[in-house]
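Chain and residue survey
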Amino acid sequence: MSIPTFRVLAVAALGLSACAAPVDVSRLAPESVLLADDVVVAGPPGYCVAPGTVREAEGAAFVVLGSCASLSDGALNAAPAQPGVLTVLVSAPGEGTPLSAASGEELEAFFESDAGRVALSPDGEAETVEVIEAQAGVGQVFVRARDLSGGRPAGIDPEYWRALVDVRGHLVTATLIGFEADPLDPGQGLRTLADLTARLLRENPPSLEE
């Protein structure tokens, strides 16, 4: 997989319009949601889907997950080990395949390059992102980064974790955001995203045609 190809995929995954039509999630703080193309988005322990945040457009989707306890006003006892917000972007079918074709070394090198930092940047500038570490496995990569743009909302921690994983040919980009008052522990952040990608792969096994 070439670096330009992966850069296009990473940027495209972040381009889903927030104006897309919302999907009806009727149950209060559900643990999972079924999207088009039979893709299930389900959170790690303590995380539930935030009602009203699920959107789909042209084969792509966007989902926000937060503390089950907070979203249900205490009706659900489950809560993550550390407060945070998860956003999940699901690409159109076929865009995750190049991720599985790349080696772990290629993925780590990409996100530590200028092109990789551009793909992570909220404003498309390599200088506004600092990559702290990158870890990759088969069909997935985890990146810990710091937002230097100054454009983040008040109270949001500049450090965050991002995971990209191939889920049945869909490129799924998950971002774990913490708060300045209670920053994410690096190890806990990685564990949270690793639990998320493991559940996504478990909930979305390869079809017989793949």
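Refer to the structure above for everything that follows.
Residues numbered from 1 in each chain as written. Predicted model: local features only at pLDDT ≥ 70, side-chain atom pairs only at ≥ 80, totals over all residues. Heavy atoms only, no water.

Some details on the side chain of Asp166
Locating Asp166 in the fold gives a position in strand β9 (residues 156-167). At a separation of 2.6 Å, a polar atom in the side chain of Asp166 contacts the side chain of Ser100. Within the local environment of Asp166, its side chain forms a polar contact with the backbone nitrogen of Gly169, the two atoms lying 2.8 Å apart. What Asp166 contacts, discounting residues up to four positions off in sequence, is Gly96, Thr97, Leu99, Ser100, Gly139 and Leu201. (Helix = DSSP H or I, 4+ residues; strand = E, 2+ residues; numbered from the N terminus. Polar contact = N/O pair within 3.5 Å; in protein donor to acceptor, adjacent residues only side chain to side chain. Contact = heavy atoms within 4.5 Å.)

Details of helix α4 (residues 104-111)
Of all the positions in α4, only Gly104, Leu107, Phe110 and Phe111 are classed as buried. Along the long axis of α4, the arc covered by the buried residues comes to 130°, so they all point the same way. (Buried < 20%, exposed > 50% of the residue type's maximum accessible area, 1.4 Å probe, protein only. Arc of directions from axis to C-beta.)

A look at the pairing of strand β7 (residues 129-137)
Judged from the eight bridges that link them, β7 and strand β8 (residues 140-147) form a sheet pairing that is antiparallel. Across the sheet, the residue bridging to Glu130 is Arg146, located in β8. (Pairing = 2+ DSSP bridges.)

Things to note about the side chain of Thr197
Along the chain, the position of Thr197 falls in helix α6 (residues 186-203). Within the local environment of Thr197, its side chain forms a polar contact with the side chain of Gln140, the two groups lying 3.0 Å apart. Here Thr197 is in contact with Gln140, Phe142, Ala163 and Val165, once residues within four sequence places are set aside.

Some words on the nonpolar core
If you look at the biggest cluster of nonpolar residues, it comprises 25 residues, and the most contacted ones within it are Leu35, Val41, Val63, Leu65, Val88, Val90 and Leu193. Contributions of two or more residues to this core are made by β3 (47-49), β5 (60-67), β6 (85-90), β9, β10 (170-179) and α6. The element contributing the most residues to this core is β9, with four residues. Excluding residues that lie within four positions of it along the chain, Val63 makes contacts with Val33, Leu35, Val41, Val49, Thr53, Val54, Leu86, Thr87 and Val88. (Core = buried A, V, L, I, M, F, W, Y, C linked by side-chain atoms within 4.5 Å.)

Notes on the packing of aromatic side chains
For any two aromatic rings, the description comes down to two numbers: the centre-to-centre distance and the angle of the planes. On inspection of all chains with the given rule, the structure shows one aromatic pair. Their ring planes at 80° and their centres at 5.0 Å tell us that Phe110 and Phe111 sit as a pair that is edge-to-face. One exposure class covers both Phe110 and Phe111, and it is buried. (Phe/Tyr/Trp six-rings, centres within 6.5 Å; stacked < 30°, edge-to-face > 60°.)

Things to note about the pattern of salt bridges
The final tally for this structure, using the stated rule, is eight salt bridges. Here Asp114 ties to Arg117 by a salt bridge, and the two come within 2.2 Å at their closest N and O atoms. Taken together, the residues span about one helical turn, with Asp114 and Arg117 both in helix α5 (residues 114-120) at a distance of three residues. Among the salt bridges present, the one from Arg144 reaches Glu133, with a minimum N-O distance of 3.3 Å. Taken together, the residues Arg144 in strand β8 and Glu133 in strand β7 connect sequence positions 11 residues apart. Here the salt bridges share partners, and the residues they tie into one network are Glu130, Glu133, Arg144, Arg146 and Glu159. (Salt bridge = Lys/Arg side-chain N within 4 Å of Asp/Glu carboxyl O.)

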